[in-house]
Amino acid sequence: MTNNLRYIERIPTAAEFQELRTNAGWGIPPESALKDSLAKTIFGVCVEDSDGTTIGMGRLVGDGGIQVFITDVIVHKHWQNRGIGKQIMKSLMKHVENVSSPATFVGLFSAIGREKFYKTFGFITRPNEKLGAGMVYFPAKKDGK
Ligand SMILES: CC(C)(COP(=O)(O)OP(=O)(O)OC[C@H]1O[C@@H](n2cnc3c(N)ncnc32)[C@H](O)[C@@H]1OP(=O)(O)O)[C@@H](O)C(=O)NCCC(=O)NCCS
(Lines give C-alpha, C1' and ligand atoms only; values in the text may rest on other atoms or scores of the structure.)
Protein backbone atom coordinates (compact mmCIF):
# COMPACT_ATOMS: atom_id res chain seq x y z
CA MET A 1 0.00 0.00 0.00
CA THR A 2 1.81 3.10 -1.20
CA ASN A 3 -0.88 5.30 0.46
CA ASN A 4 0.61 4.63 3.88
CA LEU A 5 4.11 5.69 2.92
CA ARG A 6 5.64 8.80 4.44
CA TYR A 7 8.09 10.98 2.50
CA ILE A 8 10.29 12.70 5.03
CA GLU A 9 12.85 15.37 4.24
CA ARG A 10 15.84 14.05 6.17
CA ILE A 11 19.23 12.48 5.60
CA PRO A 12 19.24 8.66 5.89
CA THR A 13 21.01 7.15 8.86
CA ALA A 14 24.15 5.08 8.28
CA ALA A 15 22.13 1.90 8.93
CA GLU A 16 19.40 2.84 6.45
CA PHE A 17 21.99 3.84 3.89
CA GLN A 18 23.80 0.52 4.23
CA GLU A 19 20.60 -1.47 4.09
CA LEU A 20 19.30 0.20 0.93
CA ARG A 21 22.65 0.16 -0.85
CA THR A 22 23.02 -3.53 -0.06
CA ASN A 23 19.51 -4.16 -1.35
CA ALA A 24 20.45 -2.37 -4.60
CA GLY A 25 23.53 -4.59 -4.89
CA TRP A 26 25.89 -1.66 -4.39
CA GLY A 27 29.05 -1.57 -2.29
CA ILE A 28 29.18 -0.13 1.20
CA PRO A 29 31.76 2.61 1.83
CA PRO A 30 34.02 2.29 4.89
CA GLU A 31 32.20 3.39 8.07
CA SER A 32 34.16 6.62 8.69
CA ALA A 33 33.80 7.78 5.08
CA LEU A 34 30.13 6.88 5.15
CA LYS A 35 29.34 8.94 8.27
CA ASP A 36 31.32 11.91 6.97
CA SER A 37 29.64 11.69 3.60
CA LEU A 38 26.12 11.51 5.05
CA ALA A 39 26.82 14.45 7.36
CA LYS A 40 27.77 16.57 4.34
CA THR A 41 24.55 15.78 2.49
CA ILE A 42 22.83 19.05 1.64
CA PHE A 43 19.34 17.59 1.34
CA GLY A 44 17.88 14.14 1.74
CA VAL A 45 14.55 12.40 1.48
CA CYS A 46 13.59 9.10 3.09
CA VAL A 47 10.48 7.03 2.48
CA GLU A 48 9.10 5.12 5.44
CA ASP A 49 6.50 2.37 5.32
CA SER A 50 3.71 2.05 7.89
CA ASP A 51 6.10 0.25 10.29
CA GLY A 52 8.59 3.09 10.11
CA THR A 53 11.04 1.07 8.01
CA THR A 54 12.91 3.14 5.46
CA ILE A 55 12.23 1.63 2.04
CA GLY A 56 13.58 4.42 -0.16
CA MET A 57 15.95 7.34 -0.15
CA GLY A 58 17.63 9.97 -2.26
CA ARG A 59 20.06 12.72 -1.50
CA LEU A 60 21.73 15.84 -2.86
CA VAL A 61 25.40 16.60 -2.41
CA GLY A 62 27.50 19.53 -3.57
CA ASP A 63 27.82 23.19 -2.61
CA GLY A 64 24.08 23.62 -2.22
CA GLY A 65 23.62 26.30 -4.85
CA ILE A 66 25.79 26.16 -7.95
CA GLN A 67 27.01 22.57 -8.14
CA VAL A 68 24.43 20.02 -7.03
CA PHE A 69 24.58 16.27 -7.54
CA ILE A 70 21.80 13.75 -7.19
CA THR A 71 22.93 10.49 -5.68
CA ASP A 72 21.82 7.33 -3.88
CA VAL A 73 18.30 7.28 -5.32
CA ILE A 74 17.20 3.82 -4.23
CA VAL A 75 13.84 2.11 -3.72
CA HIS A 76 13.90 -1.26 -1.96
CA LYS A 77 13.35 -4.05 -4.52
CA HIS A 78 10.09 -5.10 -2.91
CA TRP A 79 8.65 -1.60 -3.45
CA GLN A 80 9.89 -0.80 -6.95
CA ASN A 81 7.70 0.13 -9.93
CA ARG A 82 4.99 1.78 -7.83
CA GLY A 83 5.96 5.39 -8.46
CA ILE A 84 8.07 5.78 -5.31
CA GLY A 85 11.32 6.57 -7.14
CA LYS A 86 9.48 9.24 -9.07
CA GLN A 87 8.23 10.81 -5.82
CA ILE A 88 11.76 10.78 -4.39
CA MET A 89 13.02 12.56 -7.50
CA LYS A 90 10.17 15.10 -7.29
CA SER A 91 11.18 15.91 -3.73
CA LEU A 92 14.86 16.30 -4.66
CA MET A 93 14.00 18.43 -7.68
CA LYS A 94 11.70 20.65 -5.61
CA HIS A 95 14.61 21.41 -3.32
CA VAL A 96 16.83 22.07 -6.35
CA GLU A 97 14.27 24.54 -7.71
CA ASN A 98 14.18 26.32 -4.35
CA VAL A 99 17.94 26.83 -4.19
CA SER A 100 18.73 27.26 -7.86
CA SER A 101 20.05 30.35 -9.60
CA PRO A 102 20.78 30.92 -13.31
CA ALA A 103 24.22 29.39 -12.60
CA THR A 104 23.00 26.14 -11.07
CA PHE A 105 24.31 22.88 -12.52
CA VAL A 106 22.59 19.66 -11.47
CA GLY A 107 24.49 16.49 -12.28
CA LEU A 108 24.05 12.78 -11.79
CA PHE A 109 25.52 9.54 -13.01
CA SER A 110 22.82 7.20 -14.22
CA ALA A 111 23.11 3.48 -13.61
CA ILE A 112 23.05 1.46 -16.82
CA GLY A 113 19.55 1.47 -18.31
CA ARG A 114 18.13 4.06 -15.87
CA GLU A 115 18.55 7.06 -18.19
CA LYS A 116 14.85 7.15 -19.12
CA PHE A 117 13.94 7.46 -15.44
CA TYR A 118 15.97 10.70 -15.21
CA LYS A 119 15.09 12.07 -18.64
CA THR A 120 11.52 12.59 -17.48
CA PHE A 121 12.89 15.16 -15.02
CA GLY A 122 14.64 17.12 -17.77
CA PHE A 123 18.10 15.55 -17.59
CA ILE A 124 20.01 15.20 -20.82
CA THR A 125 22.74 12.72 -21.63
CA ARG A 126 26.25 13.69 -22.65
CA PRO A 127 28.34 13.83 -24.70
CA ASN A 128 26.24 15.74 -27.20
CA GLU A 129 26.93 18.50 -29.76
CA LYS A 130 27.63 21.08 -27.06
CA LEU A 131 28.90 19.10 -24.05
CA GLY A 132 31.79 16.70 -23.63
CA ALA A 133 31.50 13.36 -21.87
CA GLY A 134 30.83 13.09 -18.16
CA MET A 135 33.92 11.51 -16.60
CA VAL A 136 34.67 9.69 -13.39
CA TYR A 137 37.81 8.60 -11.55
CA PHE A 138 38.00 5.87 -8.93
CA PRO A 139 41.11 6.47 -6.78
CA ALA A 140 41.02 2.89 -5.49
CA LYS A 141 41.05 1.52 -9.03
CA LYS A 142 43.93 3.14 -10.83
CA ASP A 143 43.02 1.53 -14.15
CA GLY A 144 39.68 3.40 -13.94
CA LYS A 145 37.54 0.31 -14.42
C1 LIG B 1 15.70 3.47 -10.30
C2 LIG B 1 14.71 3.29 -9.14
C3 LIG B 1 15.06 4.27 -8.02
C4 LIG B 1 13.31 3.62 -9.67
O5 LIG B 1 12.40 3.57 -8.58
P6 LIG B 1 10.92 3.02 -8.76
O7 LIG B 1 10.15 3.36 -7.55
O8 LIG B 1 10.97 1.59 -9.14
O9 LIG B 1 10.47 3.87 -10.03
P10 LIG B 1 9.00 4.40 -10.34
O11 LIG B 1 8.01 3.30 -10.05
O12 LIG B 1 8.78 5.69 -9.68
O13 LIG B 1 9.12 4.61 -11.90
C14 LIG B 1 9.26 5.90 -12.45
C15 LIG B 1 9.49 5.77 -13.94
O16 LIG B 1 10.81 5.24 -14.16
C17 LIG B 1 10.71 4.05 -14.92
N18 LIG B 1 11.66 3.11 -14.35
C19 LIG B 1 11.59 2.58 -13.14
N20 LIG B 1 12.61 1.71 -12.96
C21 LIG B 1 13.31 1.72 -14.11
C22 LIG B 1 14.45 1.02 -14.55
N23 LIG B 1 15.04 0.12 -13.78
N24 LIG B 1 14.91 1.27 -15.77
C25 LIG B 1 14.29 2.16 -16.58
N26 LIG B 1 13.20 2.85 -16.21
C27 LIG B 1 12.71 2.63 -15.00
C28 LIG B 1 9.30 3.54 -14.76
O29 LIG B 1 8.90 2.80 -15.87
C30 LIG B 1 8.54 4.83 -14.63
O31 LIG B 1 8.29 5.35 -15.89
P32 LIG B 1 6.80 5.84 -16.28
O33 LIG B 1 6.49 6.97 -15.34
O34 LIG B 1 6.97 6.26 -17.69
O35 LIG B 1 5.95 4.64 -16.06
C36 LIG B 1 14.69 1.83 -8.63
O37 LIG B 1 14.52 0.96 -9.72
C38 LIG B 1 15.94 1.43 -7.86
O39 LIG B 1 16.09 1.69 -6.67
N40 LIG B 1 16.89 0.77 -8.55
C41 LIG B 1 18.13 0.29 -7.91
C42 LIG B 1 19.04 1.46 -7.58
C43 LIG B 1 19.31 2.34 -8.78
O44 LIG B 1 19.69 1.85 -9.85
N45 LIG B 1 19.14 3.66 -8.58
C46 LIG B 1 19.40 4.62 -9.62
C47 LIG B 1 20.82 4.93 -9.62
S48 LIG B 1 21.31 6.02 -10.89
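Refer to the structure above for everything that follows.
Overview of the structure. Along each chain, residue indices are assigned from 1 in the same order as the chain's sequence is written. Totals for whole chains, interfaces and linings use all residues, but because this is a predicted model, local features are given only for residues with pLDDT of at least 70 and pairs of side-chain atoms are given and counted only at 80 or more. Remark: hydrogens and water are excluded; side-chain values derive from all non-hydrogen atoms of the structure.

**What about the pattern of salt bridges?**
- Salt bridges are defined by distance alone: a side-chain nitrogen of Lys or Arg within 4 Å of a carboxyl oxygen of Asp or Glu. Going through the model one piece at a time under the given rule, you end up with seven salt bridges.
- A salt bridge links R10 to E16; its shortest N-O distance comes to 2.9 Å.
- Exposure remark for R10: the relative accessible area of 23% places this residue in the partly exposed category.
- Notably, a salt bridge pairs D72 with R59, separated by 2.7 Å at the nearest N-O pair. Of this pair, D72 sits in strand β4 (residues 67–75) while R59 sits in strand β3 (residues 54–62); the two residues are 13 residues apart in sequence, bridging distant segments of the chain.
- Since its relative accessible area comes to 5%, D72 is described here as buried. Relative accessible area decides the class of each residue, using a 1.4 Å probe on protein chains only: under 20% of the type maximum gives buried, over 50% gives exposed, and in between gives partly exposed. Helix and strand labels come from DSSP, where a helix needs a run of H or I of at least four residues and a strand needs a run of E of at least two; each type is numbered from the N terminus.

**Quick look at the environment of V47**
- Topologically, V47 is positioned in strand β2 (residues 43–48).
- Sequence spacing of V47 and Y7 is 40 residues, and the spatial spacing of their C-alpha atoms is 4.6 Å.
- Residue contacts are counted whenever heavy atoms from the two residues lie within 4.5 Å of one another. In this view, V47 contacts L5, R6, Y7, T53, T54, I55, G56, I84 and I88; residues no more than four positions away in its chain are not counted.

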